[in-house]
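Examination of the molecular architecture
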Amino acid sequence: MSGSGAVAQIAQKLKVAELSAKIFGNVFNPTGARTGNYILRQNFRGEHMVRYYPSEQEINLTKVPRLSRLLGEKQYDPDEIDRLNVVDKRRARGKGAPKKGEGKRALLAKKKR
Amino acid sequence: MRSRVLRDIKARRAVVGKELERTIWRFLSRNTTIEPQIRMQAQLALNRTPREACPTAIKNRCILTGRGRGVFNQWRMCRFQFRMQALNGDLPGVDKASW
């Protein structure tokens, strides 16, 4: 008779659990069935995902304002300085780029006329 | 690499548009207490939604170059751009380690 007594005890406990769930507004799910409630609990994160890539304005806002930039001074650019040096050297040797209207194409066009 | 970024932006917009719908289908398909037929239909509907509307199809890319690998999530840029910007002093609070 001890077996049936144990079953009765479990049934009583279940009933108590069901009632307490009803009173306190909890979910009574003794079998642990999957209800998919975890999906409803998740936050919507699409709006956050859309804002990943910033607009041009936002990129400019993140840049650090510098005194030299605000005053309109030219920034130190080693590559540009190197390029200008090379151009000066070429020009000194007479190998620089021709002026406007003195290039190969421009002279050909003049001959045609 | 710009086209990849545009594709990613498109996918992000698709995610926002389909988010509610996908949540409903997911809830219905994962809920074992409702009828199997409804669950099956929900699963099929979930399969029918475009792949790009799935949040896992989204890739965080470098906002400056569009590189897909080696991207710091906190700075949203790839490791090269991060290094260059940090050395240039454009990232507030970032300093080269020295001890």
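In this report, we go over the structure that sits alongside the text. Everything numeric in this text was worked out from a predicted model, so none of it was measured.

Thresholds, definitions, all that
- Residues numbered from 1 in each chain as written.
- Chains lettered and ligands numbered in written order.
- Predicted model: local features only at pLDDT ≥ 70, side-chain atom pairs only at ≥ 80, totals over all residues.
- Heavy atoms only, no water.
- Phe/Tyr/Trp six-rings, centres within 6.5 Å; stacked < 30°, edge-to-face > 60°.
- Buried < 20%, exposed > 50% of the residue type's maximum accessible area, 1.4 Å probe, protein only.
- Lys NZ or Arg CZ within 6 Å of the ring centre and 35° of its normal.
- Patch = residues over 30% accessible without salt bridge, like charges linked within 9 Å, V, L, I, M, F, W, Y side chains within 5 Å.
- Areas by Shrake-Rupley, 256 points an atom, 1.4 Å probe, with all protein chains shown as cover.
- Salt bridge = Lys/Arg side-chain N within 4 Å of Asp/Glu carboxyl O.
- Lys, Arg positive; Asp, Glu negative; His and termini not counted.
- Charge placed at Lys NZ, Arg CZ, Asp CG, Glu CD.
- Helix = DSSP H or I, 4+ residues; strand = E, 2+ residues; numbered from the N terminus.
- Contact = heavy atoms within 4.5 Å.
- Buried area = accessible area lost by both parts, 1.4 Å probe.
- Polar contact = N/O pair within 3.5 Å; in protein donor to acceptor, adjacent residues only side chain to side chain.
- Nonpolar A, V, L, I, M, F, W, Y, C, P; charged D, E, K, R; others polar.
- Arc of directions from axis to C-beta.
- Expected span 1.5 Å × (residues − 1).
- Axes fitted to C-alpha atoms, helices over the stretch in contact; angles between N-to-C directions.
- Left-handed = near helix turned anticlockwise from the far one by under 90°.

1. Remarks on the packing of aromatic side chains
In this description, a pair of aromatic rings is defined by centroid distance and the angle of the planes. Inspection of the entire model under this criterion finds three aromatic pairs over all chains. Judged by centre distance (4.9 Å) and plane angle (90°), the rings of Tyr52(A) and Tyr53(A) are edge-to-face. Here Tyr52(A) matches Tyr53(A) in class, with each residue buried. One aromatic cluster is present, built from ring pairs that chain together Phe72(B), Trp75(B) and Phe82(B). Its guanidinium or amino end placed over the ring of Tyr52(A), Arg76(B) lies 5.8 Å from that ring's centre, counting from NZ or CZ.

2. Description of a positive patch on the surface
Judged by side-chain charge, Lys89(A), Arg90(A), Arg93(A) and Lys95(A) come together as a positively charged surface patch. Among the secondary structure elements, Arg93(A) is positioned in the loop between helix H6 (78-92) and helix H7 (104-112).

3. Quick notes on the environment of Arg34(A)
Along the chain, Arg34(A) turns up in the loop between helix H1 (2-24) and helix H2 (37-41). By relative accessible area, Arg34(A) is classed as exposed at 64%. Setting aside chain neighbours within four positions, we find Arg34(A) in contact with Arg30(B), Asn31(B), Thr32(B) and Thr33(B).

4. Some remarks on the interface of chain B and chain A
Counting residues at the interface gives 29 residues for chain B and 23 residues for chain A. The junction of chain B with chain A conceals about 2,200 Å² of combined surface from both sides, 61% of it contributed by carbon and sulfur atoms. Joining chain B to chain A, the criterion identifies zero salt bridges. There are 10 residue pairs in polar contact (both at pLDDT 80 or more) connecting chain B and chain A. A total of 13 residues in the side of chain B that touches chain A trace back to one element, the largest contributor, which is helix H1 (residues 2-30) of chain B. For the side of chain B that touches chain A, the class distribution of residues is 12 nonpolar, seven polar and 10 charged.

5. Focus on helix H3 (residues 79-88) of chain B
Residue and element names in this part refer to chain B. Among all positions of H3, only Gln81, Phe82 and Ala86 are buried. Looking straight down H3, one finds its buried side chains confined to an arc of 125°; they lie on one side. Opposite the buried face of H3, by more than 90 degrees, sit the exposed residues Arg83 and Met84. Contact partners of the buried residues in H3: strand S1 (71-72) and strand S2 (77-78). After H3 finishes, the residue Gly89 shows a positive phi value of roughly 85°.

6. Some remarks on unusual backbone geometry
You will see that Arg76(B), though not glycine, has its phi angle at about 60°, which is positive. Inspection of the secondary structure puts Arg76(B) in the loop between S1 and S2.

7. As for helix H2 (residues 36-48) of chain B
All names here are of chain B. With 13 residues, H2 should cover 18 Å at 1.5 Å per step; its first-to-last C-alpha distance of 18 Å lies within 8% of that length. Every buried residue belonging to H2 is among Ala42, Ala45 and Leu46, and all of these are buried. Along the axis of H2, the buried residues cluster in a sector spanning 100°; they form a single face. For H2, the exposed residues set more than 90 degrees away from the buried face come down to Pro36, Gln37, Asn47 and Arg48. Buried-residue contacts for H2 involve H1.

8. A look at a nonpolar patch on the surface
A surface patch of nonpolar side chains, about 260 Å² in accessible area, is lined by Ile10(A), Leu14(A) and Phe28(A). Taking relative accessible area as the criterion, Ile10(A) reaches 52% and is therefore assigned exposed.

9. Some thoughts on the environment of Thr65(B)
Residue and element names in this part refer to chain B. Position of Thr65 relative to the elements: it lies in the loop between H2 and S1. For Thr65, a relative accessible area of 32% puts it in the partly exposed group. For the pair formed by Thr65 and Phe80, sequence separation is 15 residues and the distance between their alpha carbons is 9.7 Å. From its side chain, Thr65 meets the backbone nitrogen of Arg67 in a polar contact 3.4 Å long.

10. Focus on the packing of H1(B) against H2(B)
Residues and elements named next belong to chain B. Relative orientation of the contacting elements H1 and H2 amounts to 145°, with a least axis distance of 8 Å. Crossing of H1 over H2 shows left-handed handedness. In contact with Arg22, Trp25, Arg26, Leu28, Ser29 and Arg30 of H1, H2 contributes Arg39, Ala42, Gln43, Ala45 and Leu46. For the contact of H1 with H2, the residue count by class is five nonpolar, two polar and four charged.

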